[in-house]
Amino acid sequence: MAHFDYRDGYLCCEQVDLRKLAAEVGTPAYVYSKAALLESLAAYDRAFRDVPHVVCYSVKANSNLGVLSVLAKAGAGADIVSGGELFRALRAGVPAKKIIFSGVGKSRDELRDALKAEILMFNVESRSEMGVRAPVALRVNPDVDPQTHPYIATGLKTSKFGIPYADALQVYEEAAALKGLSVIGADMHIGSQLTQATPVADAVARVVGLVKSLRERRIEVRMIDVGGGLGIRYRDETPPTQEQYAMLLLPALREVGVTVLLEPGRSIVGNAGALLSRVLYRKDTGTKKFVVIDAAMNDLIRPSLYDAHHDIVPVDERRRSAPTEKVDVVGPICESGDFLAKDRELPKVEEDDLVALMSAGAYGFAMASNYNTRPRAAEVLVDGSRYTIVRRRETYEDLVAGETTL
């Protein structure tokens, strides 16, 4: 992972020693690299530089205000899926005219707040949403297999997302006839953690064909939202670079001369973050060895939910040369589903050692919970040799705020 390297014997984020950081902020803690965030965002701008475009960062991947403000200052917009994400994006300084509102279940209150803010566009996913007075794109389900985990595949006709491609032309005509509805775009998003760009290119080609048909009917679509989903390397994946991704998509997009909207999330923040944790105990049952750490499924649920892989590395570089052993890395949660790795060959670590779970910047803290009444971790943003606690660790008082005894 770029910007996470060993320096003077210890793992660092940029120039900050994670051993010293753990002593100062405690564990578990999410640690993000500002340089990595900005490099990934800039890669999209370079890749799509030849066409008008807006990079609308997918807030659901990591909604921390510190992360959002860094991206906003660098020119990013925001793709939101809730009123809470709208609030966060505006609070972080994202211009309203760079915000697009996606999602299958927008409430009336959420629609009202987004309209009041005068956001760029709503991505409409069903006929029932078309009663609002707003600038819209219709989210089209192109029925393309994204070749990813079924829980994060959204472009097949069996998915709850979008308007079926076969119905899209008719629904566009209905939308264009409604007073107060300004049909300005076409939207698609086929899934997340995509390691091949070809399915996206196939879906874009279908949407471009739809736009051409709409223009024949004098429905002038001037924006195409190609969604997000470009994957990252967790283990041995080889996802396309932003440049390779653009090379496949741009030929079709240039045919219709539109502004291209992009919704990357994981590919911007995923490899910009790690979860720092401490080994609490070692346990050997005779059948299996366990390494118990102070991070758990409430902090990082992806391994339990998706059987996802995160590299786990020792903070002390000397441990990397230790003999390896097959272990389950687990947390303190009272549930057998609480694991961060199963049957993983790792260098032997000892109690009180620090470890880092890599590639944890996306869908890490954003999916964290207080299960087992555990305070959520601190979040730290590193900038060179300095760091800022961009979210303090929760306290027990935080956990009961808003509750009442009887």
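First, a word on scope: everything that follows refers to the structure included in this document. Going along each chain's sequence as written, the residues are numbered from 1 onward. Predicted model: local features are reported for residues with pLDDT of at least 70 only, side-chain atom pairs are reported and counted for 80 or more only, and whole-chain, interface and lining totals are derived from all residues. Side-chain metrics rest on all non-hydrogen atoms present in the structure, leaving aside hydrogens and water.

**Structural notes on the overall build of the protein**
Piece 1. Helix and strand counts for the protein come out as eleven helices and 21 strands.
Piece 2. Over its C-alpha atoms the protein spans a radius of gyration of 22 Å, differing by no more than 12% from the 22 Å that the globule rule assigns to 406 residues.
Piece 3. C-alpha extents for the protein along the principal axes are approximately 70 × 55 × 40 Å.
Piece 4. Note on classification: 1.4 Å probe, protein chains only; a residue is buried when its accessible area is under 20% of the maximum for its type, exposed when over 50%, partly exposed between these limits. Per-residue burial for the protein yields a buried fraction of 54% across its 406 residues.
Piece 5. In what follows, a contact means two residues having at least one pair of non-hydrogen atoms within 4.5 Å. Across the protein, every contact between residues at least 6 apart in sequence was considered, and the portion connecting residues at least 24 apart equals 68%. The secondary structure listing takes helices from DSSP runs of H or I that are at least 4 residues long and strands from runs of E that are at least 2 residues long, numbered from the N terminus. We compute the radius of gyration from the C-alpha atoms alone; for a globule the expected value is 2.2 Å times N to the 0.38, where N is the number of residues.

**Digging into the side chain of Asp-294**
Piece 1. Turning to its location among the elements, Asp-294 is positioned in the loop between strand 15 (289-293) and helix 10 (302-306).
Piece 2. Buried within the structure, Asp-294 lacks any salt-bridge partner; Arg-278 is the closest side chain of opposite charge, at an N-O distance of 5.3 Å.
Piece 3. Any pair of nitrogen or oxygen atoms within 3.5 Å is treated as a polar contact; in protein, a donor-acceptor pairing is required on top of that, and neighbouring residues in sequence qualify only through side-chain atoms on both sides. For Asp-294, the side chain forms a polar contact with the side chain of Thr-27, separated by 2.5 Å.
Piece 4. A polar side-chain atom of Asp-294 sits 3.0 Å from the main-chain amide nitrogen of Arg-278.
Piece 5. In this structure Asp-294 touches Thr-27, Pro-28, Ser-277, Arg-278, Leu-280, Asp-299, Pro-332 and Arg-374, once residues within four positions along its chain are discounted. Just so you know, the count uses Lys and Arg for positive and Asp and Glu for negative, and it drops His and the chain ends. Here, a salt bridge means any side-chain nitrogen of Lys or Arg that lies within 4 Å of a carboxyl oxygen of Asp or Glu.

**A closer look at the environment of Gln-170**
Piece 1. Here Gln-170 shows up in helix 6 (residues 165-177).
Piece 2. With a relative accessible area of 45%, Gln-170 lands in the partly exposed category.
Piece 3. Remark: the alpha-carbon pair of Gln-170 and Leu-68, spanning 102 residues in sequence, is separated by 38 Å.

**Points about the packing of aromatic side chains**
Piece 1. A pair of Phe, Tyr and Trp rings is counted when the ring centres sit within 6.5 Å of each other, with Trp represented by its six-membered ring. The angle between the planes then sorts it: under 30 degrees is stacked, over 60 is edge-to-face, the rest tilted. If you walk through the whole model with that rule in mind, you get four aromatic pairs.
Piece 2. Aromatic pair Tyr-30 and Phe-365: ring centres 6.1 Å apart, planes at 85°, arrangement edge-to-face. Within this pair, whereas Tyr-30 is found in strand 4 (residues 29-33), its partner Phe-365 is found in the loop between strand 19 (354-357) and strand 20 (378-383), the two being separated by 335 residues in sequence.
Piece 3. Overall, the relative accessible area of 10% leaves Phe-365 in the buried class.
Piece 4. Through successive ring pairs, a cluster of aromatic residues spans Tyr-30, Tyr-32 and Phe-365.
Piece 5. Note that Lys-342 overlies the ring of Phe-339, its terminal NZ or CZ placed 4.8 Å from the centroid. Look at NZ for Lys and CZ for Arg. If either is within 6 Å of the ring centre and within 35 degrees of the ring normal, a charge sits over the ring.

**Describing the pattern of salt bridges**
Piece 1. One pass over the full model with this rule turns up 23 salt bridges.
Piece 2. The salt bridge involving Lys-342 is made with Asp-328; its shortest N-O contact spans 3.5 Å. Taken together, the residues Lys-342 in strand 18 (residues 339-347) and Asp-328 in strand 17 (residues 324-330) connect sequence positions 14 residues apart.
Piece 3. The exposure class of Lys-342 is partly exposed, given its relative accessible area of 46%.
Piece 4. Accessibility expressed as a relative area gives 2% for Asp-328, which makes it buried.
Piece 5. The salt bridge partner of Arg-386 is Asp-383, with a shortest N-O separation of 3.3 Å.

**Some remarks on the sheet that holds strand 3 (residues 16-17)**
Piece 1. Note on pairing: two strands pair once DSSP finds at least 2 bridges between them. Taken together, the three strands give an open sheet; going across it, the order is 1-2-3, and neighbouring strands pair in antiparallel fashion. At either end of the open sheet lies a strand with only one pairing partner, and these are strand 1 (4-7) and strand 3.
Piece 2. Pairing between strand 2 (residues 10-13) and strand 3: two bridges, direction antiparallel. Each bridged residue has a counterpart across the sheet, and for Cys-13 the counterpart in strand 3 is Val-16.

**Comments concerning the side chain of Ser-58**
Piece 1. By secondary structure assignment, the location of Ser-58 is in strand 5 (residues 53-58).
Piece 2. Classification of Ser-58 by relative accessible area gives buried; the value is 2%.
Piece 3. Residues in contact with Ser-58, not counting those within four places in the same chain, are Asp-79, Glu-263, Pro-264, Gly-265 and Tyr-363.

**Thoughts on the packing of helix 2 (residues 34-47) against helix 8 (residues 242-256)**
Piece 1. Orientation is described by lines fitted to C-alpha atoms, with helices fitted over the stretch in contact, and by angles between N-to-C directions that extend from 0 to 180 degrees. At a minimum axis distance of 9 Å, the contact between helix 2 and helix 8 shows a crossing angle of 30°. Comparing the axis directions of helix 2 and helix 8 gives the class roughly parallel. Between helix 2 and helix 8 lies a crossing of right-handed hand. Residues Ser-40, Ala-43, Tyr-44, Arg-46 and Ala-47 of helix 2 touch helix 8, and the partners they reach there are Gln-242, Glu-243, Tyr-245, Ala-246 and Leu-250.
Piece 2. Any residue that is not Ala, Val, Leu, Ile, Met, Phe, Trp, Tyr, Cys, Pro, Asp, Glu, Lys or Arg is counted as polar, Gly included; the first ten are nonpolar and the last four charged. Residues of the contact of helix 2 with helix 8, tallied by class, amount to six nonpolar, two polar and two charged. By definition in this entry, angles of less than 35 degrees are roughly parallel, angles greater than 145 are roughly antiparallel, angles of 65 to 115 are roughly perpendicular, and the rest are oblique. In a left-handed crossing the near helix is turned counterclockwise from the far helix by less than a right angle, and in a right-handed crossing that turn is clockwise.

**Some thoughts on helix 3 (residues 65-73)**
Piece 1. Counting buried positions along helix 3 gives seven out of nine residues, so the element sits mostly inside the fold.
Piece 2. Two to three positions downstream of the cap, the backbone nitrogen of Gly-66 sits 2.7 Å from a side-chain oxygen, assigning the N-cap of helix 3 to Asn-64.
Piece 3. Downstream of helix 3 by a residue or two, Gly-75 has a phi angle that is positive, lying close to 105°.

**Section: the packing of helix 6 against helix 7 (residues 198-216)**
Piece 1. Direction vectors running N to C along helix 6 and helix 7 enclose 30°, while the axes themselves pass 11 Å from each other. The angle between helix 6 and helix 7 falls in the class roughly parallel. As helix 6 packs across helix 7, the resulting crossing turns out to be right-handed. Of the residues in helix 7, those touching helix 6 at Tyr-165, Ala-168, Leu-169 and Tyr-172 are Arg-206, Val-207, Leu-210, Ser-213 and Leu-214.
Piece 2. Its residues assigned to classes, the contact of helix 6 with helix 7 shows seven nonpolar, one polar and one charged.

**Details of unusual backbone geometry**
Piece 1. Here Thr-27 and Pro-28 are connected by a cis peptide whose omega angle stands at -5°.
Piece 2. Mapped onto the fold, Pro-28 is located in the loop between helix 1 (18-25) and strand 4.
Piece 3. The phi dihedral of Asp-343 falls on the positive side, at around 50°, and the residue is not glycine.
Piece 4. When its relative accessible area of 45% is taken as the criterion, Asp-343 is described as partly exposed.

Keep in mind these values describe shape, not function.
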